[in-house]
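# Tertiary structure, described
Here's the letter readout for the chains.
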Amino acid sequence: MASESPINTSTASPRLRRVSQRRHDLDSDIGGVEFATYTVQIPSTPDNNPMSASMEYSTSQRVEDQFVSSSLFTGGYNCVTQAQLKDKVIESQTSHHPQMTGAKGSFCAVPGCDAKVVTDERGLDIVPCECDYKICMDCFRDGVRNGDHMCPGCKEPYRELDVTEYAVHNRKQYQQQMSKTERRMSLMKSTKVTGRQSSEFDHNKWLFETKGSYGYGNAIWPKVDVEGSQDGIGGDPMVFHDKQWRPLTRKLNISAAILSPYRLLIFIRMVVLGLFLQWRIRNPNEDAVWLWAMSVVCEVWFAISWLLDQLPKLCPINRITNLDVLKEKFETPSLSNPTGKSDLPGIDIFVSTADPEKEPPLVTANTILSILAADYPVEKLACYVSDDGGALLTFEAMAEAASFANLWVPFCRKHNIEPRNPESYFSLKRDPYKNKVRQDFVRDRRRVKREYDEYKVRINGLPDSIRRRSDAYNARDEMKAMKLGRAIGNDEAVDKIKIPKATWMADGTHWPGTWAFPAPEHSRGDHASIMQVMLKPPSDEPLKGTTVDSNSMDPSEVDIRLPMLVYVSREKRPGYDHNKKAGAMNALVRASAVMSNGPFILNLDCDHYIYNSQALREGMCFMMDRGGDRISYVQFPQRFEGIDPSDTVFFDVNMRALDGIQGPVYVGTGCLFRRTALYGFDPPRVKDRNGCCCGGRNKKSKSSVVSAPDSQTIELGDCDDDNEMNAIIPKRFGNSSFLVESIQVAEFQGRPLADHPSLKNGRPPGALTFPRELLDASTVAEAISVISCWYEDKTEWGQRIGWIYGSVTEDVVTGYRMHNRGWRSVYCVTKRDAFRGTAPINLTDRLHQVLRWATGSVEIFFSRNNALFASSKMKFLQRIAYLNVGMYPFTSFFLIVYCFLPALSLISGQFIVQTLNITFLVYLLGITVTLILLAVLEIKWSGIELEEWWRNEQFWLIGGTSAHLAAVLQGLLKVIAGIEISFTLTSKSGGDDIDDEFVDLYIFKWTSLMIPPITIMMTNLIGIAIAVCRTVYSVIPQWSKLLGGVFFSFWVLAHLYPFAKGLMGRRGKTPTIVFVWSGLTAITISLLWVAISPPSGTNQIGGSFQFP
């Protein structure tokens, strides 16, 4: 039995004693030497440790924690919060990890009692007697309360009753004096650093100010020369700062040999575009004014659009992190952290899913496994899965993932597995045994692979399992109802009995969420709040595994603890606007603040998993570095498995360029947030910016008030009066006092270490090395309350706090609000991809994704989130970037017109200019050459490939002529008339070559978005055919007009080539489009040959053939 030690609430930082002695305080025999003040630093020792918080928890806390982790909590509007104890949550629970949900422990041996015995961190029974008699907490307390201190098993008195874990009277007395929230904030208040001062003693500053010399472990005395004068220490006093403090990140500027020509070319192209547009306006085509006017209007808009896109690219930078310094600062034994426990702040990871039919449960479960196996302190991680559909299938898939994690996570830690998504790892084509030096790796891998195959079978079989189980229970209930009806003699009522077809859980109870056959209070839009702690919070100390048998994996050398895992399904009721994904994210923000309150939040889509196990550490380097307290979020690039259909140019060019201004935009997934930034607070040391570019002159803000839509934001440090904070914040955040009081704790824990004088607003080292408290039922009940559908009423959630409502692109708007308040963001590109997506994206799916983004951009343009109304805290170029985000869909009108112009020119026989004179060709050459040179330099400083750049150009035109146009129409109808339209997928056909890595690109789903690109292609093909025939058979061929029109038509068709390739499908290994182009080329060549060499006996061009 573990003993219980009393809790001491004093600070755990090393004690600092300053001793001052002057000449008159010393004996007279010392002489005339004057002694300066000296300092003795006494490190932490067992007898000099003001707060030795007990790492052991009382049994009452263990009982509460065990009850919470084994119960399913439900509640909501006008509902009583209930906790249903679950013996099991899945039918085939093969793992028995001590953190796993489900009632644990042996049954109580006292006759008539069916309760469970309390267990420890390893899941072993805790018993109060050496005879190992199983007794539950309630039976033990009853015996002690009745004065019977005898063990029911051996009939011997309990030994050392006053120090046993079951003697919780001292702890209970202390807990009655201090609430859970007060205990949670006591550490923050005792170590809080107010203002810009650190409570830690700065050795280097003392040395510099007192001109002392350094002697480790001794008193520090000044240097005195032979004449008795104090000249101080020699050399550079900053050398001590350099030895103590090292940055966590470095900014790598782009080479001037690349960046300077790049900026010069931008300026040259601006000049060339200006001169070209001036020449075009002054030289109209009198023969086709309509053609000239349309082309000039389009070209002017293209020039404006290019400027909006190009100007934010003037300041690209690269950043790198130093993980060794992070480990040295936060996880290495030091004076402030003698044990070397992790001092890193906590991270809450959000995974969102809505429909298990569209988002396969196996994909979501593997994403969760990659999170549980991440290389970050286990006790500092918490994973929350938002199931917005309230599906039992997702719930049981999560439980299966938690069960399999008992084997998968130790395997990853033991053998340093990458990536830590099992499906991706076992699908790797490289040699899995490369660089593996442990002899048991082969055996362990085979064992895990076998278990994973069984795990996949179980998850893929969950739909049938749930259906069969529900059918059996529903049939049983119908039989009971029929028997009851016959028993009361009402035969007519028996025939009319209709039992609701419920969905049943593994323990034989109704699922409180969505049923397969919807019923009142059990449908997608009408169900209670649901919360289940799948994996309870881990113990504070590492827990080594034990070998069960010789055939199993040996985890004795690795930590088998798992991060906390929580299933969350927020309440949904008819008549409430639940705000889709943004509302689900805000519900997770509130629930996590109540339960774990990690100062940082990472959000991931269910199909994006952690590909680099150290990605969280990479992001934390930026947050914990100097100036990191002003960073609102760290955005990682999006990557995908196999082929990469994502917008590579956007992530590697635009986002990297924005990182040199005020930071990248938020793109929805793979983003590490600062919790207080999501809460709508201003950053510390907020400033108004009047500069025009990347920097500029700044001036301090006289107040924290900014222009709309953030006119009521406040800075967390501005309100020193607790009464003022208590009056303002609850009106914004709701009526949960626990949530409100957690804000200051999260803000304090998210500060960088105050280990350098230049680090302002820091926290003392070692402040986050203490264990967090176990969960109790009141905490989870509070979490149920804050995810209810009514909680956001009359609050600012979704308006100024959390994810912002009112747009389908809530991610961009949320990031914009943070930048508008003066926050910065950082773009983190890791050597090994941080996250990867597993969902294949074909051409049609991509178009619908682009449609969603473009629709959101149109909504932003017509809302108060338009960058034209941004505050002075946003830099000018950052404002230009956000302005381009709202304006780029409108380019579709001009792009479609310009794509039709070559075909119209060929059909009408006219061109956009009067003649192809030398001036037009020189301007055209200059614009084209500067564009190519800019692309080459972008490739150089961004690291992308030429193929990726060209593919981005192709998809820009494809999206601009299809999804962007639909988005503008949809947005205008919604804004002006309030009408919402949707574009749905109908038929589907795919490629037949499963061995082709690009097969997903050829999968085609018909949609109305396809009509404009198809029309453009057909019109240009017809125009080319007509123009070629007319020129060949005309008496005076006008080859210049044909050349100009055909050149631009082929330019349009080259951009639409991927679209045509997917549209035509595939026959064998040769795309059908190849046959189309081959036939067109053959016809053209044949006509040219007939024109050059007419048949014998005729003198006319083309022989006797007459063109109709």
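Criteria and thresholds
- Residues numbered from 1 in each chain as written.
- Predicted model: local features only at pLDDT ≥ 70, side-chain atom pairs only at ≥ 80, totals over all residues.
- Heavy atoms only, no water.
- Helix = DSSP H or I, 4+ residues; strand = E, 2+ residues; numbered from the N terminus.
- Buried < 20%, exposed > 50% of the residue type's maximum accessible area, 1.4 Å probe, protein only.
- Contact = heavy atoms within 4.5 Å.
- Areas by Shrake-Rupley, 256 points an atom, 1.4 Å probe, with all protein chains shown as cover.
- Patch = residues over 30% accessible without salt bridge, like charges linked within 9 Å, V, L, I, M, F, W, Y side chains within 5 Å.
- Salt bridge = Lys/Arg side-chain N within 4 Å of Asp/Glu carboxyl O.
- Axes fitted to C-alpha atoms, helices over the stretch in contact; angles between N-to-C directions.
- Parallel < 35°, antiparallel > 145°, perpendicular 65-115°, else oblique.
- Nonpolar A, V, L, I, M, F, W, Y, C, P; charged D, E, K, R; others polar.
- Core = buried A, V, L, I, M, F, W, Y, C linked by side-chain atoms within 4.5 Å.
- Phe/Tyr/Trp six-rings, centres within 6.5 Å; stacked < 30°, edge-to-face > 60°.
- Pairing = 2+ DSSP bridges.
- Left-handed = near helix turned anticlockwise from the far one by under 90°.

Regarding its fold elements, the protein chain presents 33 helices and 22 strands. Burial analysis of the protein chain (1108 residues in total) assigns 53% to the buried set. The long-range fraction of contacts in the protein chain, counting pairs at least 24 apart against all pairs at least 6 apart in sequence, stands at 77%. Summed over all atoms, the accessible surface of the protein chain reaches about 50,100 Å², with 56% contributed by carbon and sulfur.

Now for a nonpolar patch on the surface. A contiguous nonpolar patch, built from L264, F267, I268, V271 and L275 and spanning about 440 Å² of accessible area, is present on the exposed surface. Within the element layout of this structure, I268 appears in helix α7 (residues 256-282).

Remark: helix α26 (residues 891-908) packs on helix α28 (residues 946-960), axes separated minimally by 9 Å, with the N-to-C direction vectors making an angle of 100°. One element, α26, and the other, α28, form an angle in the roughly perpendicular class. Listed contacts from α28 to T891, S892, L895, I896 and C899 of α26 are W956, L957 and G960. A class-by-class count of the residues in the contact of α26 with α28 yields five nonpolar, three polar and no charged.

Here the focus is the nonpolar core. The biggest cluster of nonpolar side chains holds 83 residues, and the ones touching the most others in it are I347 and W408. The dominant element in this core, judged by the number of residues it contributes, is helix α11 (residues 392-415), at 15 residues. Those residues within four positions of I347 in sequence are excluded, and the remaining contacts are Y376, K380, L381, A382, F600, L602, L616, M620 and L672. Membership of the second largest hydrophobic core comes to 75 residues, among which are L588, I601, M818 and V968.

With that settled, consider the packing of aromatic side chains. Overall, the coordinates contain 44 aromatic pairs when judged by the stated rule. Ring geometry for W279 against Y923: centres 6.3 Å apart, planes inclined by 50°, an arrangement best described as tilted. Here W279 is found in helix α7, whereas its partner Y923 is found in helix α27 (residues 918-942), with 644 residues between them in sequence. Where F395 meets Y567, the ring centres are 5.1 Å apart and the plane angle is 90°; that geometry is what we call edge-to-face. One end of the pair, F395, is in helix α11; the other, Y567, is in strand β10 (residues 564-569), and 172 residues separate them in sequence. This pair shows no difference in class: F395 is buried, exactly as Y567 is. Taken together through their ring pairs, the aromatic side chains of F404, W408, F411, Y425, F426, F441, Y452 and Y455 make up a single cluster.

The sheet built from ten strands is open, its strands ordered β4-β3-β9-β10-β8-β7-β11-β14-β13-β17 with mixed pairing. Each edge of the open sheet carries a strand with a single partner, namely β4 (79-85) and β17 (824-827). Direction aside, the axes of adjacent strands within the sheet are offset by 20° on average. Sheet topology note: the strand β7 (residues 347-353)/strand β11 (residues 600-605) ladder contains six bridges and is parallel. The residue bridging F350 from the neighbouring strand is N603, located in β11.

This next bit is on the side chain of T930. Secondary-structure assignment places T930 in helix α27. Discounting chain neighbours no more than four positions away, the residues touching T930 are L265, I268 and R269.

As a further point, take the environment of I499. Inspection of the secondary structure assignment puts I499 in the loop between α15 (491-495) and β9 (529-535). Classification of I499 as partly exposed rests on a relative accessible area of 25%. Between the C-alpha atoms of I499 and E478, which are 21 residues apart in sequence, the distance is 6.1 Å. Excluding anything up to four places from it in sequence, I499 contacts D477, E478 and A481.

Time to look at the packing of helix α16 (residues 580-595) against helix α22 (residues 777-786). For the pair α16 and α22, the least separation of the axes is 9 Å and the interaxial angle reads 165°. Classed by the angle they form, the pair α16 and α22 counts as roughly antiparallel. In this structure, α16 meets α22 at a crossing whose hand is right-handed. Between α16, through R590, A591, V594 and M595, and α22, the contact on the second element is made entirely by T779, V780, E782, A783 and V786. A per-class count over the contact of α16 with α22 returns six nonpolar, one polar and two charged.

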